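Report on the structure
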Amino acid sequence: MLSVDQAKEKLSALYQRRFAQWCAVGADEVTVDIPLHPPTESVALHHTEDVASWIRGWGSAEQTLSHNSHLKWESRRWASAGTNTVPIRLVLPAPSDVAQFIGKQRHWETVQERITQLNQMLQAHAVGHHTAAAEQIPDALRRSAKSIAELPESDFQRLQEVTDWLLQHQNSQLFPRQLPVRGVHTKWLEGHRKIIAPLVAAVTGDTALGLNRLPVTLRIRVLDPVLAPGGIQDITAPVSELSAWDIQPRCVVVVENLQSLLALPPISGAIGIHNPGSTGAPLLAELPWLHSTDLIYWGDIDVEGLRILSRVRSHLPHTRSILTDCETLQNHRDLAGDDHPQAPRSMPAHLTPSEEELFTALAQWGNLRLEQERVPWNTVLEALHQAAAPHG
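The structure contained in this document is the topic of the report that follows. (Residues numbered from 1 in each chain as written. Predicted model: local features only at pLDDT ≥ 70, side-chain atom pairs only at ≥ 80, totals over all residues. Heavy atoms only, no water.)

1. Focus on the overall build of the chain
Note the cut-off: Counting from the N terminus, the helices are DSSP H or I runs at least four residues long and the strands are E runs at least two residues long. The reference for a compact globule is 2.2 Å times residues^0.38; the radius of gyration itself is calculated from the C-alpha atoms. Under the convention used here, a 1.4 Å probe and the Shrake-Rupley method define accessible areas, while residue burial counts only the protein chains that appear. As used throughout, the charge tally considers Lys and Arg to be positive and Asp and Glu to be negative, leaving His and the chain termini uncounted. Here the site of a charge means NZ on Lys, CZ on Arg, CG on Asp, or CD on Glu.
A count of helical and extended segments in the chain gives 15 helices and eleven strands. A compact globule built from 392 residues should have a C-alpha radius of gyration of about 21 Å, whereas the chain, at 33 Å, is more than 25% larger. Counting only C-alpha atoms and orienting by the principal axes, one finds that the chain spans roughly 105 × 55 × 35 Å. Summed over its atoms, the accessible surface of the chain is roughly 19,900 Å², and 50% of this surface lies on carbon and sulfur atoms. Computing the positive centroid from 33 side-chain charges and the negative centroid from 43, the chain places the two 5 Å apart.

Structure below.
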């Protein structure tokens with residue numbers, strides 16, 4: 001026997017899975033038609049009070065159903081218990097009927113109203129755009145419906161205004177701070193971008209929103225004062241500007257840790273660069289002067305550190321590493337810690353034989369991790385001066 005509470009629990013899970021589809025794309029003619037598994041004669045005889053309570057419970061629930069919904073009842077003639085009328089199926093023809101049954105009517109009305117308003121606006125903007133736009137809008141709304149439903153009313157109003165403005169000014173090239181919508185600022189837009197971007201892209205095909213992005217920067221230390229522009233040795237600048245820098249250093253030292261960069265010693269003809277983790281390799285590759293200079297890389301001795309080194313070398317094949325070998329790990333094993341349990345263990349593609357040996361040793365020695373800032377500084381200086389010494 002399916003109780004009222006069990007039915008509500010079951011349909012609440014269904015509603016959570018399907019309401020986005022129902023409000024954005026539509027629902028089948030019959031949304032829900034579920035069996036209630038009425039008792040057999042044997043059950044009715046041995047659990048008389050439970051069966052009577054079950055029937056009363058569904059009788060009370062029937063009074064709260066929407067006018068379109070209904071219970072199907074059926075007479076059962078039992079030899080030992082006479083004729084009894086029992087509920088056999090619950091039929092809820094529309095999403096709103098499901099919502100009322102599980103106590104989510106207000107939620108359904110809100111999300112349906114919001115999705116309808118957004119759909120009308122997006123479809124109006126889609127006129128004259130690529131032919132697939134009108135078809136993509138319902139899917140974009142479906143994917144964002146849960147987030148849209150959770151917005152406070154004030155944020156939903158801003159969402160509408162911002163989306164409308166972005167569709168009217170599809171290549172504004174403004175920074176988010178400049179958007180002329182009251183109450184909208186950079187943090188608000190970034191916090192709601194995951195909702196707005198798919199909606200705008202459904203019409204325009206562009207997830208960038210036509211806005212200007214903050215420039216991607218790199219931090220550099222000029223290790224030879226002769227190379228410093230205007231005497232400035234600590235520089236943070238957009239990659240686009242650094243790529244146009246007319247400079248040809250003798251060698252470049254790339255490090256993972258920012259404090260390691262700041263501590264690098266003076267080196268004739270050299271520049272130091274901070275590599276911003278896993279995303280840094282393609283940025284470094286945008287600097288033409290890195291492709292024709294001696295490139296020294298020093299990073300962490302762990303799985304991710306070696307993966308980052310591999311990514312850098314995939315863009316800049318002439319990269320050579322220091323302090324990235326089994327000897328360094330063995331000599332400082334007491335300073336190593338445990339690596340992240342979920343760190344991937346497949347061998348990166350662009351490692352030297354000694355680096356591959358180190359990658360294997362990290363796992364064999366207990367999934368170790370030796371961060372570069374743990375290596376004694378005198379050891380670093382010795383390795384660095386040896387690697388960066390002028391050739392010939």
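2. Describing the pairing of strand β7 (residues 270-274)
Applied cut-off: Only protein chains enter the area calculation, which uses a 1.4 Å probe; residues under 20% of their type maximum are buried, those over 50% are exposed, and those in between are partly exposed. The pairing criterion is simple: DSSP has to find at least two bridges between the two strands. Handedness is read with the strands pointing away from the viewer; a crossover is right-handed when the path from the first strand over the helix to the second is clockwise.
The buried fraction of β7 amounts to five of the five residues, a majority that puts the element mostly inside the structure. Covered by surrounding structure in β7 are Ala270, Gly272 and His274 together with Ile271 and Ile273, the residues of both alternating faces. In terms of strand pairing, strand β4 (residues 217-222) meets β7 through three bridges, oriented antiparallel. Bridge assignment links Val222 to a residue of β7, and that residue is Ile271. By the bridge criterion, five bridges tie strand β6 (residues 251-255) to β7 in an arrangement that is parallel. Across the sheet, residue Val254 finds its bridge partner in β7, namely Ile273. With helix α10 (residues 258-263) bridging β6 and the parallel β7, this β-α-β connection has right-handed handedness.

3. Some words on the sheet that holds β4
Selection criterion: Whether two residues touch is decided by their heavy atoms; if any such pair falls within 4.5 Å, the residues are in contact. The convention used is that axes are lines fitted to C-alpha atoms, helices contributing only their stretch in contact, and that angles between N-to-C directions extend from 0 to 180 degrees.
The mixed open sheet is built from six strands, whose spatial order is β5-β4-β7-β6-β8-β9. A single partner strand is all that each edge strand has here, and the edge strands are β5 (234-238) and β9 (320-321). Helix α15 (residues 377-388) contacts β6, β8 (294-298) and β9 of the sheet and is inclined by roughly 160 degrees relative to β8.

4. Focus on the nonpolar core
Stated formally: We call a set of buried Ala, Val, Leu, Ile, Met, Phe, Trp, Tyr and Cys residues a nonpolar core when their side-chain atoms join them within 4.5 Å.
Core analysis: the largest hydrophobic core is formed by 65 residues, its most contacted members being Trp58, Leu90 and Phe101. The residues contacting Phe101, other than those within four sequence positions of it, are Val4, Ala7, Lys8, Leu11, Trp58, Leu65, Leu90 and Leu92. Core analysis: the second largest hydrophobic core is formed by 58 residues, Leu264, Val312, Leu316 and Ala343 among them.

5. Things to note about the pattern of salt bridges
As a reminder, the rule being used: What makes a salt bridge here is a side-chain nitrogen of Lys or Arg within 4 Å of a carboxyl oxygen of Asp or Glu, nothing more.
All chains considered together, the criterion is met by 16 salt bridges. Between Arg106 and Glu109 there is a salt bridge, with the nearest N and O atoms lying 3.8 Å from each other. Taken together, the positions of Arg106 and Glu109, both in helix α5 (residues 105-126) and three residues apart, correspond to about one turn of that helix. Between Asp139 and Arg143 there is a salt bridge, with the nearest N and O atoms lying 3.1 Å from each other.

6. A short note on the packing of helix α1 (residues 4-24) against α5
Note the threshold: Each helix crossing is assigned a hand: it is left-handed if the near helix lies turned anticlockwise from the far helix by less than a right angle, otherwise right-handed if that turn is clockwise. Ten residue types, Ala, Val, Leu, Ile, Met, Phe, Trp, Tyr, Cys and Pro, are classed as nonpolar, four, Asp, Glu, Lys and Arg, as charged, and the remainder, Gly among them, as polar.
One can describe the packing of α1 onto α5 by two numbers: an axis separation of 9 Å at closest approach and a directional angle of 35 degrees. Seen from above, α1 lies across α5 with right-handed handedness. Together, Tyr15, Phe19, Trp22, Cys23 and Ala24 of α1 and His107, Trp108, Val111, Gln112 and Ile115 of α5 make up the contact between the two elements. Residues belonging to the contact of α1 with α5 are distributed by class as follows: eight nonpolar, two polar and no charged.

7. A few points about the packing of aromatic side chains
For any pair of aromatic rings, the description rests on two quantities: the centre-to-centre distance and the angle between the ring planes. Inclusion rule: Centres within 6.5 Å are what make two rings of Phe, Tyr or Trp a pair, Trp counting through its six-membered ring; a difference in plane orientation under 30 degrees is then read as stacked, over 60 as edge-to-face, and the rest as tilted.
In the structure shown here, the tally under the stated rule is six aromatic pairs. Between Tyr15 and Trp108, the ring centres sit 6.5 Å apart and the planes meet at 70 degrees, which makes this aromatic pair edge-to-face. On the criterion of sequence distance, the pair formed by Tyr15 in helix α1 and Trp108 in helix α5 is long-range, its members being 93 residues apart. With respect to class, Tyr15 is no different from Trp108; both count as buried. Where Trp298 meets Trp377, the ring centres are 6.3 Å apart and the plane angle is 45 degrees; that geometry is what we call tilted. Here Trp377 lies in helix α15 and Trp298 lies in strand β8, a separation of 79 residues in the sequence.

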